[in-house]
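# Reading the structure
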Amino acid sequence: MRIDLAGWTRDAMAGDARAFSAIFEQADRWGYDGVWFSEFRVPQSDWQYPAPLLLAAALLARTERLRVGTAVLVLPLHHPLMLAEEIAQLDFQSGGRIDVGIGRGTQPASLECLEVDAASTRARFEQGARLLRNALRGDTVASSGDLWSFAPRRLSPLPLQRPHPPIYVGGSTEETLGFALAEDLPLLLSLEPPESAQLERLARAAAQQGRDAKALLARSSLARYVCIGANPAQVQRQLEGLWEKLYARRVYYAGKRGVAAADVPPIDSAKALREQFIHGTPAQCHAQILALQAATGIHSLRCVFNANGLWSNEVALAGMQLFAQEVLPALR
């Protein structure tokens, strides 16, 4: 079972850059497999690391075995050949430790600021994904379409990982999930909202295409909040107050999408613990992960120890350490 880290976004990235890097240097020593970072270009609020490939370069230089992934690179904002070149260089200079998550993007303000037509994002995502993958596997690529126009080129240097660095798709619409299925690209399934809706849409796409999604899911990645403690009382103390904060955050981001607070349903904490959390003592966490693996067939888990910034880095590190000492050895 591959165990990665996620959740360092927005406020969780604030502070001294060296102290931030130290979190992942420690994760590398503790034996975690990878970490994932998001891309939010020209944001309208504070975001210390809008360019995840630059952050990846810094962390890969400071670690020995930890992989770094993007969750996700917003393809409509990038020239696919330039992006492929940057990924190939990072893969080469890191010894093959890059994972590439791609998506269509959900931030209208970024598209507007960079003058990208929102109506073109579907075509930019799908055409960009194909060009990116073909370039990374060493094909000579060219484009003469309306979106990009460039003469035939082959990357140099090529990435070390063959046939190319792992490429994952992050998305929730039936169109994006169907594209991933058709192109045989594994998924980065979401945490908020839970992945159940994505899996239903994937099943519909699989039925329409006459494909079996099980093999794709086996290579995909799930995300879960992780709340671990030495005893149940510790776990309960950490969970206290979380539900109000999670709900407030949901209301805030729903408002940015034009959804009224009254239309955001309250959090069912028992349901959330079942569907979005690994929680409890080390033995309980281990058992829940094995059950999740048996139920889904997935062999990769992105663990969010900081509740996406609602718990401090100190709390997250304490959970990461206990998990690394007690759960990782059992999983391996």
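Refer to the structure presented above.
Summary of the structure given here. Keep in mind the model is a prediction, meaning the values are calculated, not measured.

What follows covers the overall build of the chain. Per the secondary structure count, the chain includes 14 helices and ten strands. By the compact-globule yardstick of 20 Å for 332 residues, the chain fits well, its C-alpha radius of gyration being 20 Å. C-alpha atoms of the chain, sized along the principal axes, occupy 65 × 45 × 45 Å. In the chain, which comprises 332 residues, the share counted as buried stands at 51%.

Turning our attention to the environment of Gln-293. Here Gln-293 shows up in helix α12 (residues 282-296). Separated by 250 residues in sequence, Gln-293 and Pro-43 have C-alpha atoms that sit 36 Å apart. Ignoring anything within four residues of it in the chain, the contact list for Gln-293 reads Met-1, Ile-298 and His-299.

So, about the pattern of salt bridges. Using the criterion set out here, one finds 16 salt bridges in the structure. For the salt bridge of Glu-126 with Arg-122, the shortest nitrogen-to-oxygen distance reads 3.7 Å. Placement of both Glu-126 and Arg-122 in helix α5 (residues 121-136) is noted, with a separation of four residues, approximately one turn of the helix. Here Asp-139 makes a salt bridge to Arg-137, at a shortest N to O gap of 2.9 Å. Looking at Asp-139, the relative accessible area reads 30%, which means it is partly exposed.

Side-chain alternation along strand β5 (residues 141-144) places Val-141 and Ser-143 on a buried face and Ala-142 and Ser-144 on a face that remains uncovered. As paired elements, β5 and strand β6 (residues 149-153) share three bridges and run antiparallel to each other. Looking at the pairing, Ser-144 lines up with Ser-149 of β6. Hairpin connection, β5 to β6: the antiparallel pair is bridged by four residues.

A word on unusual backbone geometry. Cis geometry marks the peptide bond from Ala-71 to Val-72; its omega dihedral reads 10°. That bond from Ser-156 to Pro-157 is cis: its omega, 0°, falls within 30 degrees of zero. Mapped onto the elements, Pro-157 comes out in the loop between β6 and β7 (167-169). Here Glu-115, not a glycine, exhibits a phi torsion of approximately 60°, which is positive. Positionally, Glu-115 belongs in the loop between α4 (108-113) and α5.

The next point concerns the sheet that holds strand β2 (residues 34-37). The strand order across the open sheet formed by eight strands is β7-β4-β3-β2-β1-β10-β8-β9, and the pairing between neighbours is parallel. The open sheet is flanked by β7 and β9 (277-280), the only strands paired with a single partner. Strand-to-strand twist in this sheet, taken as the mean axis angle between neighbours without regard to direction, amounts to 30°. Examined bridge by bridge, β2 and strand β3 (residues 67-74) share four bridges and lie parallel to one another.

On to the side chain of Ser-21. Inspection of the secondary structure assignment puts Ser-21 in helix α1 (residues 17-30). We classify Ser-21 as buried; its relative accessible area is 8%. If sequence neighbours within four positions are ignored, Ser-21 has contacts with Leu-59 and Arg-62.

Moving on: the nonpolar core. Ranked by size, the top nonpolar core spans 77 residues in total, and within it Trp-8, Tyr-32, Phe-37, Phe-305 and Phe-323 carry the most contacts. Grouped together as the second largest cluster of nonpolar side chains are 17 residues, Leu-191, Cys-227, Phe-277 and Ala-307 included.

Rules used in this analysis
Residues numbered from 1 in each chain as written. Predicted model: local features only at pLDDT ≥ 70, side-chain atom pairs only at ≥ 80, totals over all residues. Heavy atoms only, no water. Helix = DSSP H or I, 4+ residues; strand = E, 2+ residues; numbered from the N terminus. Rg over C-alpha atoms; globule rule 2.2 N^0.38 Å. Buried < 20%, exposed > 50% of the residue type's maximum accessible area, 1.4 Å probe, protein only. Contact = heavy atoms within 4.5 Å. Salt bridge = Lys/Arg side-chain N within 4 Å of Asp/Glu carboxyl O. Pairing = 2+ DSSP bridges. Axes fitted to C-alpha atoms, helices over the stretch in contact; angles between N-to-C directions. Core = buried A, V, L, I, M, F, W, Y, C linked by side-chain atoms within 4.5 Å.

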